[in-house]
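Observations on chain architecture
Each chain, written out:
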Amino acid sequence: MTQAVLIDCDPGYDDAAALILAAGSPALELVGVTTVAGNQTLEKVTGNARRILKLLGSRAPVAAGARSPLLSDAPRVCPEIHGESGLDGVELPEEGVPLDPRPAARFIAETILEREPGSVTLIPTGPLTNIAAAVLSEPRIVSRVREVVLMGGAVHAGNVGPFSEFNIANDPEAADIVFRAGWPVVMVGLDLTRQARADEAVRRRARSIPTRAGRLLAEVLEAFTGTYRRARGYDAPPLHDPCAVARVIAPETVRARPVPIAVECAGRWTRGMTVCDFRREPPADVRTQAALELDAPAFWDLLMDAAARLP
Ligand code: RIB
Ligand code: CA
């Protein structure tokens with residue numbers, strides 16, 4: 001029995017890896033991909049998503065979403081990590097899969113409403129603007145979504161700020177709406193994703209996969225390593241986004257703990273912080289969890305096996 005998943009992303013190298021895992025895993029049915037400005041502009045990340053799915057041979061529809069956060073007119077793009085194109089150094093087909101004409105928020109809402117209640121899991125791996133817009137425009141989806149498993153946030157140290165992570169910090173108001181909507185949310189944050197280091201052994205393993213998807217993964221990991229080495233001084237970049245997909249495929253690989261999580265929208269130094277309150281046992285009706293422990297060997301097996309199963 002496959003699980004229906006809809007990925008909202010901003011490709012970006014690690015988003016590309018998340019799409020490989022979702023498209024190649026036998027446990028999932030990728031029912032849609034929506035795009036949001038983040039790592040690069042909306043036009044660039046949408047073109048990247050379409051071309052990645054074309055290369056993977058996926059028939060998942062793609063719909064474009066927000067070109068800026070809810071309350072500002074420009075996303076905080078990240079060329080220093082993902083390059084000017086959002087996927088610098090990665091070879092993709094000229095043409096991508098067709099673009100669904102619906103805006104992402106409508107696509108998300110209609111995809112959920114046309115399927116059995118509780119059958120669709122949302123996997124956001126970029127700023128949460130589209131997900132918030134979908135909730136605001138169609139509140140009925142909150143009770144019909146199986147779970148929201150998002151890459152974003154952090155229990156401890158951030159990346160774009162001492163306490164703030166890129167996806168949440170790009171649109172804190174949208175994140176606040178998503179975390180407080182009332183559906184189950186699993187936050188796969190930096191504390192977890194920093195355990196998914198794409199070191200030389202991982203990169204060598206990807207290079208040995210004799211499929212187009214394997215070559216894409218190898219190119220993504222090499223390019224990601226190069227930019228992280230230059231920008232952050234790392235030799236083994238954390239492969240953030242596929243960790244959220246792995247949580248849906250095999251929850252035991254990405255272990256999480258229930259904890260109340262609030263998004264800070266006002267703090268001068270803490271705007272975009274995901275405030276996790278571990279001071280006491282969580283209330284029985286807590287709807288949020290924070291992922292803290294990765295089974296890294298099992299995670300890499302999932303990703304490499306998925307790439308090997310694709311064309
Ligand atoms: O902070 C890491 C997250 O921000 C990842 O999803 C990366 O792709 C960027 O979107
Ligand atoms: Ca991303």
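The structure this text deals with has already been given above.
Here goes a summary of the coordinates provided. Here the structure is a predicted model, which means the values were calculated and not measured.

**Some words on the overall build of the protein chain**
Summing up its helical and strand segments, the protein chain has 13 helices and eleven strands in all. Taking 311 residues into account, the globule formula puts the C-alpha radius of gyration at 19 Å, and the protein chain, at 17 Å, falls close to it. Counting the 311 residues in the protein chain, one finds 58% classified as buried. Put simply, 82% of the contacts in the protein chain that link residues at least 6 apart link residues at least 24 apart. For the protein chain, the accessible area works out to roughly 12,500 Å², and carbon and sulfur atoms hold 52% of it.

**Quick look at the site of ligand 1**
Taken together, Asp10, Asp14, Asp15, Asn39, Thr125, Met151, Asn159, Glu165, Phe166, Asn167, His240 and Asp241 form the complete shell of residues around ligand 1. Asp15 places a side-chain nitrogen or oxygen 3.0 Å from an oxygen atom of ligand 1. A distance of 2.8 Å separates an oxygen atom of ligand 1 from a polar side-chain atom of Asn159. When atom positions are compared with the pocket grids, ligand 1 is found to occupy the largest pocket. Here the residues of the shell around ligand 1 are counted per class, giving two nonpolar, five polar and five charged.

**Considerations on the side chain of Glu173**
By the element assignment, Glu173 lies in helix H8 (residues 172–180). For Glu173, a relative accessible area of 18% puts it in the buried group. A distance of 2.7 Å separates the side chain of Glu173 from the side chain of Arg271, its partner in a polar contact. In contact with Glu173, not counting residues within four places along its chain, are Leu70, Leu71, Cys265 and Arg271.

**Regarding a nonpolar patch on the surface**
Residues Leu70, Leu71 and Leu136 make up a contiguous nonpolar surface patch of roughly 310 Å² in combined accessible area. By the element assignment, Leu136 lies in helix H5 (residues 129–137).

**Details of the pairing of strand E6 (residues 145–151)**
Looking along a regular strand, one sees side chains alternate from face to face of the sheet. Of all seven residues in E6, six are buried, a share of seventy percent or more. Pairing of strand E5 (residues 120–124) with E6, which is carried by three bridges, proceeds in the parallel orientation. When the sheet's bridge partners are listed, Val120 is paired in E6 with Val145.

Scoring rules and cut-offs
Residues numbered from 1 in each chain as written. Chains lettered and ligands numbered in written order. Predicted model: local features only at pLDDT ≥ 70, side-chain atom pairs only at ≥ 80, totals over all residues. Heavy atoms only, no water. Helix = DSSP H or I, 4+ residues; strand = E, 2+ residues; numbered from the N terminus. Rg over C-alpha atoms; globule rule 2.2 N^0.38 Å. Buried < 20%, exposed > 50% of the residue type's maximum accessible area, 1.4 Å probe, protein only. Contact = heavy atoms within 4.5 Å. Areas by Shrake-Rupley, 256 points an atom, 1.4 Å probe, with all protein chains shown as cover. Near = heavy atom within 4 Å. Polar contact = N/O pair within 3.5 Å; in protein donor to acceptor, adjacent residues only side chain to side chain. 1 Å grid on protein atoms, 1.4 Å probe; cavity = no way out; pocket = protein on both sides within 12 Å on 5 of 7 lines; lining within 4 Å. Sits in = over half its atoms within 2 Å of the grid points. Nonpolar A, V, L, I, M, F, W, Y, C, P; charged D, E, K, R; others polar. Patch = residues over 30% accessible without salt bridge, like charges linked within 9 Å, V, L, I, M, F, W, Y side chains within 5 Å. Salt bridge = Lys/Arg side-chain N within 4 Å of Asp/Glu carboxyl O. Pairing = 2+ DSSP bridges.

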